[in-house]
Amino acid sequence: MSSIANNLANVNTSAFKKDKLAFHDTFIRFAHDYLVDEKTYIRGEKLFPEGHIMAKARLSAQQVDLSQGSLERTGNQLDFALSGPGFFTIQGDGEMLYTRAGNFITDADGMLRTMDGNPVMVGGGPLLVPQGGDVQVDSSGNITVNGAPAGAFDLVDLPDPAQLERVGSNSYRALDGGGGVPPEDVTVAQGFIEKSNVEVVTEMVSMIETQRAFTMYTKMIQADNELDTKLITQVGRPTV
């Protein structure tokens, strides 16, 4: 429910990528399910038989869905959208981060930054745009400012979603410590932003299914508790 709610909350966040979850089968058992904390130093023989240890459902995967979001025209010269696999490189707090949200701004010094304030990497460093400067970017990410070449966006591809960790609302870091690989089939569209890939109808259906499953399991637990209570209070009661 938390994941679904987060996806729905970011349906209007530029280039947001939804999370996908998967669970192990409830009846799969792992080696540690058979481990029992035996305290042989207290008593040599067990007073009661060992209880049956039930396996529990386990979260087996939580990955970012990197599917392409639709592009929306804004006409802003500092808005950029990536079509195809790839990320913009940005400077985080002492590390390189990656984002697909290309709705950039300039600060008081003219440095190109994300909406979160992180500098956008161009040719290994930040890009300075003079106040009122004309910025033009071609489909390969090459930048000209007032007609002069200013470098190119540091674009990378991180093809394995399992190696991505979300940082903040819309940035990622590579868990393997690598810097990704150069993207092959990606184009940069100036004056566009990529919309979220969250489908409201799909997420709402998932929310309803989750709520119904929760209600069903709650009733099962209540019924089991009532059965246990009846067993404790009635079984073994002496009859007159």
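Read on for an overview of the structure. Note that this is a predicted model, so its numbers are computed, not measured. (Residues numbered from 1 in each chain as written. Predicted model: local features only at pLDDT ≥ 70, side-chain atom pairs only at ≥ 80, totals over all residues. Heavy atoms only, no water.)

### What about the overall build of the protein chain?
Of regular secondary structure, the protein chain possesses two helices and 19 strands. Across the 240 residues in the protein chain, those meeting the buried criterion constitute 32%. For the protein chain, the accessible surface area stands at approximately 15,300 Å², while carbon and sulfur atoms represent 55% of it. (Helix = DSSP H or I, 4+ residues; strand = E, 2+ residues; numbered from the N terminus. Buried < 20%, exposed > 50% of the residue type's maximum accessible area, 1.4 Å probe, protein only. Areas by Shrake-Rupley, 256 points an atom, 1.4 Å probe, with all protein chains shown as cover.)

### What about the environment of D19?
Within the secondary structure, D19 sits in strand 1 (residues 19-23). By relative accessible area, D19 is classed as buried at 15%. With near-sequence residues (within four places) excluded, D19 lies in contact with S3, N6, N7, Q62, Q63, V64 and R166. Among the polar contacts made by the side chain of D19, one reaches the side chain of R166 at a distance of 3.0 Å. (Contact = heavy atoms within 4.5 Å. Polar contact = N/O pair within 3.5 Å; in protein donor to acceptor, adjacent residues only side chain to side chain.)

### Quick notes on the packing of aromatic side chains
This structure, assessed with the given rule, holds six aromatic pairs. With a centroid separation of 5.9 Å and an interplanar angle of 45°, the aromatic rings of F80 and F104 are classed as tilted. Separated by 24 residues along the polypeptide, F80 in strand 4 (residues 79-83) and F104 in the loop between strand 7 (102-103) and strand 8 (105-106) bring together distant segments of the chain. As far as the burial class goes, F80 and F104 line up, both buried. Linked through ring pairs, F80, F88, F104 and F153 together constitute an aromatic cluster. (Phe/Tyr/Trp six-rings, centres within 6.5 Å; stacked < 30°, edge-to-face > 60°.)

### A closer look at unusual backbone geometry
One non-glycine residue with positive phi stands out, namely A15, at about 60°. As for its placement among the helices and strands, A15 is situated in the loop between helix 1 (2-9) and strand 1. According to the relative accessible area criterion, A15 is buried, its value standing at 2%.

### Some remarks on the nonpolar core
Counting residues in each nonpolar core, the largest one holds 20 residues, and the members touching the most others are I143 and F153. Elements with a contribution of two residues or more to this core: strand 4, strand 5 (87-91), strand 12 (135-137) and strand 13 (142-145). Grouped together as the second largest cluster of nonpolar side chains are eight residues, Y98, L158, L164 and A174 included. (Core = buried A, V, L, I, M, F, W, Y, C linked by side-chain atoms within 4.5 Å.)

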